[in-house]
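Fold and contact review
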Protein chains: 2
Amino acid sequence: MTPEEFRTIGHRLVDWIADYRARVAQYPVMSQVEPGQIKAKLPKAPPDGPESFDAIFKDLDEIVVPGLSHWQSPRFFGYFPSNGMLSSVLGDYLSTGLGVLGLSWQSSPALSELEEVATDWLRQMLGLSDAWSGVIQDTASTSSLVALICAREKASGYSLAKGGLQGVKRPLVVYVSQMSHSSVEKAALLAGFGREHVRAIPTDAAYGMRPDLLAEAVRQDAAQGLHPCAVVGTTGTTTTTAMDPIGALADIAAAHKLWLHVDAAMAGSAMILPECRRFWEGIEGADSLIVNPHKWLGAAFDCTCYYVKDAEHLVRVLSTNPSYLQSSVDSRVKNLRDWGIPLGRRFRALKLWCLIREQGVAKLQARLRRDIENARWLEAQVKSAAGWKVLAPVPLQTLCVRHEPDGLAGEALDRHTQAWAERINRSGAAYLTPAQLDGRWMVRVSIGSLLTEREHVAALWDVMRREAEGTVR
Amino acid sequence: MTPEEFRTIGHRLVDWIADYRARVAQYPVMSQVEPGQIKAKLPKAPPDGPESFDAIFKDLDEIVVPGLSHWQSPRFFGYFPSNGMLSSVLGDYLSTGLGVLGLSWQSSPALSELEEVATDWLRQMLGLSDAWSGVIQDTASTSSLVALICAREKASGYSLAKGGLQGVKRPLVVYVSQMSHSSVEKAALLAGFGREHVRAIPTDAAYGMRPDLLAEAVRQDAAQGLHPCAVVGTTGTTTTTAMDPIGALADIAAAHKLWLHVDAAMAGSAMILPECRRFWEGIEGADSLIVNPHKWLGAAFDCTCYYVKDAEHLVRVLSTNPSYLQSSVDSRVKNLRDWGIPLGRRFRALKLWCLIREQGVAKLQARLRRDIENARWLEAQVKSAAGWKVLAPVPLQTLCVRHEPDGLAGEALDRHTQAWAERINRSGAAYLTPAQLDGRWMVRVSIGSLLTEREHVAALWDVMRREAEGTVR
């Protein structure tokens, strides 16, 4: 494709995306297709000759779009907001169009230096001290793996340069909470610790990790000859947005020389609001932390910001230095290949940089405050409605709710909960995520899509009442 | 940013990228900036209020572009071709603009199913049997880590569900070659094996792994009570594009129950040419393999296709299944979160799908053949020029060359080699990668950027002669 063809089709594509975003509210939020339906409409074999973009746009309209669940819809209340603000989308378009790679500083200096600047802007926005250095990773899952490997290597005195985990005398132990994200346990397993060496610490009534039980578990393990290695705290758990007591965890980590990693993937965005920073009080005592601007803040996926205190340690664990990647300026620059798992690196800073510049900090703050207000409004509605319960504190924008009609309990209540949520999802009116809490099903309402205003939350509440109450009346 | 603002600025951006691509040949290939120069021109703090895209475009022109090394230039002969064909760029634009995520099949069915279709198209293009299932990962580095973790779990009987590598009785050993990519050793270290349990098998005169020495090393380790676990073969090593004897490695792997992973990150693209498939003869005996369409083939970075034989094993190692990710159709669909490390997933299939459709297989093949011919032409020039040597076989598109003037050897020759390569790179006339081979510096010429025609290769050869020979005359 020539630049001139790109110009023509690119304009058409921008219009197509603009139209999609302008009418995204009109689509059923959850895709209505059945498993295999998309695949069945697509050719089984690749074309030998060229096809036109006319054919591609036709397939997009007729096959792809009906197969999407629309994350950018104002009626999307599932999982978490994955806001791809259009200014950030443009930043990503720049990155892909330029097609440069950051294997090393020299391989595109602006890529590395802008990443340093953009992650430092975000650091300031989050109210973090300048003791932190940032880098962009793809996701929280990958970043948790990096954090736990760094913890492993710190505790084991760089076992990777020797016998690895296979040469460790006292098995290393990782502590998470019962409400930690599934990716944290996955990371511990992939890093080789083994499930027997991962402790899920129970939580309190607000679903935050109990520091007394953490301290107790650490003491017990140490007494039994194991080597407590790392604790992962969460600022804003997936299920209920619970806040682990970071300060208390930091104290225990300091006392027992544990690595403290803080997963603030979702709720970290809220730290651009000074009034929310109490939720991760003590954060300066952590060793690493992540915030996903690709969630609530509005950066196009994928953009996880990983911050560390001891960057030298990170680089020592992750560095490679073959001759073909060396350059004469290496001693004077940051080579970001040594800050993560992949060697190749997109120019991801552009999407964060464009987002922050086009919005400015104040507008980003205003939007997040809007969402928190909307969540408080819905919380008040649910709490005052007969038969409805809010099951966990609502510090930010996620509500855990259940409709509990008289006489329904246990598995019957589970069936009722799953049924009304499924009816709403299948209707396309809104997208909600059912999940388990304390062994019973409930429904998460995650507010914070870019386009979600009070009217959409009010409409959701109407639909919830209709679908849940209608069936038992 | 509203859809209408996006439409206006998006058109401008498409034009900006079209102009950039149209004049990319005119830029000095390697950025001429000094460390810290970009950073110094950017504000240290984020803006509180909104800025216009006018300001962003101004900074792009004045600060960012001069800080780029231009990977899409026809005079880019560094590292490897990282071709972001414009049709694939458009595919990525669709993905970012739609802003949907593939946490699970249900969270956007078309994302998962199109990925299945596109990776299967590529499988057919590569001449692989239908025993292989594909998934898109970000990079070869991450994929090697996934492969070695899968190998670890197979050999250890799912140690991750028990004591992890910390509970393994006989330490597991990984075999690579002395010419394997640095990311392979990095992956083994991150997976916890430890450097003491990674063997770098020597290579033959053509830089391919010596299977006799592999077999010997495996026998010795087993005799000493260690547990041979995995071997990583390379189809097209980074330094010289050497081809490990995959069939012989597969035989040894089968005899000793090793996992065979094949890293065909760069050279895998060539397997769309039937005449090249002899280079990975025996590939059907491997357990996993990767090909990076984001290199020579032309997919916008990042797009690594990871193929496995035993998909059930992969999923068993990588799956997580918290309640909030479950859906009623799970038993009937592929949930790609269980096929890699990250939970979140972009709609990356679009950039591969658009590339293959807009080009068609025949045009992709023709371009790769053009590059191979250009490499053969340059090889003939270098071989017939006095004082010049081609240091390794040229199976595809990478040449390893050295200018060896009379009387220069050892470190003096190294200085000469590095000096003329650095002069070319700093001049901006072309971008080459100096690297070490057999302990001495040489220069890699990697041919295959989209825009590179014979005239650019001929011009490069002129520059090389001028810069290398000029200094000793």
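These numbers come from a predicted model, not from an experiment.

1. Looking at the overall build of chain A
On a plain count of helices and strands, chain A comes out with 14 helices and 11 strands. For chain A, whose C-alpha radius of gyration is 24 Å, the value lies close to the compact-globule estimate of 23 Å for 473 residues. Within the span of chain A, comprising 473 residues, buried residues form 68% of the whole. Within chain A, one finds 51 positive and 52 negative side-chain charges whose respective centroids are separated by 2 Å.

2. Observations concerning the interface of chain B and chain A
Across the contact, 157 residues belong to chain B and 157 residues belong to chain A. Surface buried jointly by chain B and chain A totals about 13500 Å² across both partners, of which 64% is contributed by carbon and sulfur atoms. Joining chain B to chain A, the criterion identifies 14 salt bridges. Between Asp 59 of chain A and Arg 357 of chain B there is a salt bridge, with its nearest N and O atoms 2.8 Å apart. Linking chain B to chain A there are 81 residue pairs in polar contact (both at pLDDT 80 or more). Top element by residues in the side of chain B that touches chain A is helix 1 (residues 3-22) of chain B. It accounts for 16 residues. When its residues are assigned to classes, the side of chain B that touches chain A shows 82 nonpolar, 44 polar and 31 charged.

3. What to know about the sheet that holds strand 10 (residues 433-437) of chain A
Residues and elements named next belong to chain A. With antiparallel pairing, 4 strands are arranged side by side in an open sheet as 8-9-11-10. The open sheet has two edge strands with one neighbour each: strand 8 (388-390) and strand 10. Across the sheet, the mean angle from the axis of one strand to that of its neighbour is 40°, orientation sign disregarded. Relative to strand 9 (residues 398-403), strand 8 is paired through 3 bridges, and the arrangement is antiparallel. Across the sheet, Lys 389 pairs through a bridge with Arg 402, a residue of strand 9.

4. Examining the environment of Asp 414 of chain A
Residue and element names in this part refer to chain A. With respect to the element layout, Asp 414 can be found in helix 13 (residues 410-427). Overall, the relative accessible area of 8% leaves Asp 414 in the buried class. Residues Asp 414 and Glu 404, spaced 10 residues apart in sequence, show a C-alpha to C-alpha distance of 9.7 Å. Residues within four places of Asp 414 in sequence aside, it is in contact with Gly 439, Arg 440 and Trp 441.

5. Some points on the relation of the copies chain B and chain A
The two copies are related by a screw motion: chain B maps onto chain A through a turn of 180° and a shift of 0.0 Å along the axis, at an RMSD of 0.0 Å. One copy is carried onto the other by what is essentially a two-fold rotation axis.

6. Let's talk about the pattern of salt bridges
All names here are of chain B. Taken as a whole, this structure holds 68 salt bridges over all chains when the rule is applied. Where Arg 346 meets Asp 92, a salt bridge forms, and the shortest distance between an N and an O atom there is 2.8 Å. Taken as a pair, Arg 346 in the loop between helix 10 (311-318) and helix 11 (349-359) and Asp 92 in helix 4 (residues 86-98) lie far apart in primary sequence, 254 residues in all. Considered together, Arg 346 and Asp 92 belong to a single accessibility category, that of buried residues.

7. Section: the sheet that holds strand 11 (residues 440-446) of chain B
Residue and element names in this part refer to chain B. Taken together, the 4 strands give an open sheet; going across it, the order is 8-9-11-10, and neighbouring strands pair in antiparallel fashion. The open sheet is flanked by strand 8 (388-390) and strand 10 (433-437), the only strands paired with a single partner. On average, adjacent strands in this sheet sit at an angle of 40° to one another, irrespective of strand direction. Along the sheet, helix 13 (residues 410-427) contacts strand 8, strand 9 (398-403), strand 10 and strand 11; its crossing angle with strand 11, the most-contacted strand, is approximately 30°.

8. Observations concerning the packing of helix 12 (residues 361-384) of chain A against helix 14 (residues 454-470) of chain A
All names here are of chain A. Here helix 12 crosses helix 14 at 25°, and the two axes come no closer than 10 Å. Between helix 12 and helix 14, the angle falls in the class roughly parallel. Handedness of the crossing formed by helix 12 with helix 14: right-handed. For the pair helix 12 and helix 14, contact is made by Glu 373, Asn 374, Trp 377, Leu 378, Gln 381 and Val 382 and by Arg 454, Val 457, Ala 458 and Trp 461, respectively. Here the residues of the contact of helix 12 with helix 14 sort into 6 nonpolar, 2 polar and 2 charged.

9. Quick notes on helix 1 (residues 3-22) of chain A
For helix 1 of chain A, which comprises 20 residues, the first-to-last C-alpha distance of 27 Å matches the rise-based estimate of 28 Å (1.5 Å per residue) to within 8%. Of all the positions in helix 1 of chain A, only Phe 6, Arg 7, Ile 9, Gly 10, Leu 13, Val 14, Trp 16, Ile 17, Ala 18, Tyr 20 and Arg 21 of chain A are classed as buried. Among the structural elements, helix 3 (53-64) and helix 4 (86-98) of chain A together with helix 1 and helix 4 of chain B are those in contact with the buried residues of helix 1 of chain A.

10. Structural notes on the packing of helix 6 (residues 140-155) of chain B against helix 7 (residues 182-190) of chain B
Residues and elements named next belong to chain B. Closest axis-to-axis distance for the helix 6/helix 7 pair is 8 Å, and the angle between their directions is 45°. The orientation of helix 6 with respect to helix 7, classified from their angle, is oblique. Pair helix 6 / helix 7 crosses with right-handed handedness. Residues Ser 141, Ser 144, Leu 145 and Leu 148 of helix 6 form the contact with helix 7, whose participating residues are Ser 183, Val 184, Ala 187, Ala 188 and Leu 190. Considered class by class, the residues forming the contact of helix 6 with helix 7 number 6 nonpolar, 3 polar and no charged.

11. Some words on the pairing of strand 10 of chain B
All names here are of chain B. Residues Thr 433, Ala 435 and Leu 437 point to one face of strand 10 and are all buried, whereas Pro 434 and Gln 436, pointing to the other face, are not buried. Two elements, strand 10 and strand 11, share 5 bridges in a ladder whose sense is antiparallel. In the strand pairing of strand 11, Ala 435 is matched with Met 442. Linking two consecutive strands that pair antiparallel, namely strand 10 and strand 11, is a turn of 2 residues; a positive phi of about 50° is found at Asp 438 within it.

12. Section: the environment of Tyr 307 of chain A
All names here are of chain A. Position of Tyr 307 among the secondary structure elements: in strand 7 (residues 304-308). By relative accessible area, which is 0% here, Tyr 307 ends up buried. Along the chain, Tyr 307 and Ile 290 lie 17 residues apart, while their C-alpha atoms are 6.2 Å from each other. Ignoring anything within four residues of it in the chain, the contact list for Tyr 307 reads Thr 119, Leu 122, Arg 123, Leu 126, Trp 132, Ser 133, Gly 134, Asp 287, Ser 288 and Leu 289. Within the local environment of Tyr 307, its side chain forms a polar contact with the backbone oxygen of Thr 119, the two atoms lying 2.6 Å apart.

13. Quick notes on unusual backbone geometry
Each neighbour pair has its own omega, and for Phe 301 of chain A with Asp 302 of chain A the value is 10°, a cis peptide bond. Mapped onto the fold, Asp 302 of chain A is located in the loop between strand 6 (288-291) and strand 7. A positive phi is found at Tyr 158 of chain B, a non-glycine position, where the angle reads about 60°. Among the structural elements, Tyr 158 of chain B can be located in the loop between helix 6 and strand 2 (172-177). For Tyr 207 of chain B, which is not glycine, the phi dihedral falls at a positive 70°. As for its placement among the helices and strands, Tyr 207 of chain B is situated in the loop between strand 3 (198-201) and helix 8 (211-223). Judged by relative accessible area, which is 8%, Tyr 207 of chain B ranks as buried.

14. Remarks on the pairing of strand 11 (residues 440-446) of chain A
For a regular strand, side-chain orientation follows a simple rule: the groups alternate between the two sheet faces. All names here are of chain A. Along strand 11, 6 of the 7 residues are buried, which leaves the element largely enclosed by surrounding structure. Taken together, the 4 bridges between strand 9 and strand 11 define a ladder with antiparallel strand orientation. Paired with Thr 398 across the two strands is Ser 446, which belongs to strand 11.

15. Observations concerning the confidence of the model for chain A
When pLDDT is averaged along chain A, the result is 96; 99% of the residues meet or exceed 70. Across the predicted assembly, pTM comes out at 0.97 and ipTM at 0.97.

Calculation notes
- Residues numbered from 1 in each chain as written.
- Chains lettered and ligands numbered in written order.
- Predicted model: local features only at pLDDT ≥ 70, side-chain atom pairs only at ≥ 80, totals over all residues.
- Heavy atoms only, no water.
- Helix = DSSP H or I, 4+ residues; strand = E, 2+ residues; numbered from the N terminus.
- Rg over C-alpha atoms; globule rule 2.2 N^0.38 Å.
- Buried < 20%, exposed > 50% of the residue type's maximum accessible area, 1.4 Å probe, protein only.
- Lys, Arg positive; Asp, Glu negative; His and termini not counted.
- Charge placed at Lys NZ, Arg CZ, Asp CG, Glu CD.
- Contact = heavy atoms within 4.5 Å.
- Buried area = accessible area lost by both parts, 1.4 Å probe.
- Salt bridge = Lys/Arg side-chain N within 4 Å of Asp/Glu carboxyl O.
- Polar contact = N/O pair within 3.5 Å; in protein donor to acceptor, adjacent residues only side chain to side chain.
- Nonpolar A, V, L, I, M, F, W, Y, C, P; charged D, E, K, R; others polar.
- Pairing = 2+ DSSP bridges.
- Axes fitted to C-alpha atoms, helices over the stretch in contact; angles between N-to-C directions.
- Least-squares fit on C-alpha atoms with pLDDT ≥ 70 in both.
- Parallel < 35°, antiparallel > 145°, perpendicular 65-115°, else oblique.
- Left-handed = near helix turned anticlockwise from the far one by under 90°.
- Expected span 1.5 Å × (residues − 1).
- pLDDT = per-residue confidence, 0-100.

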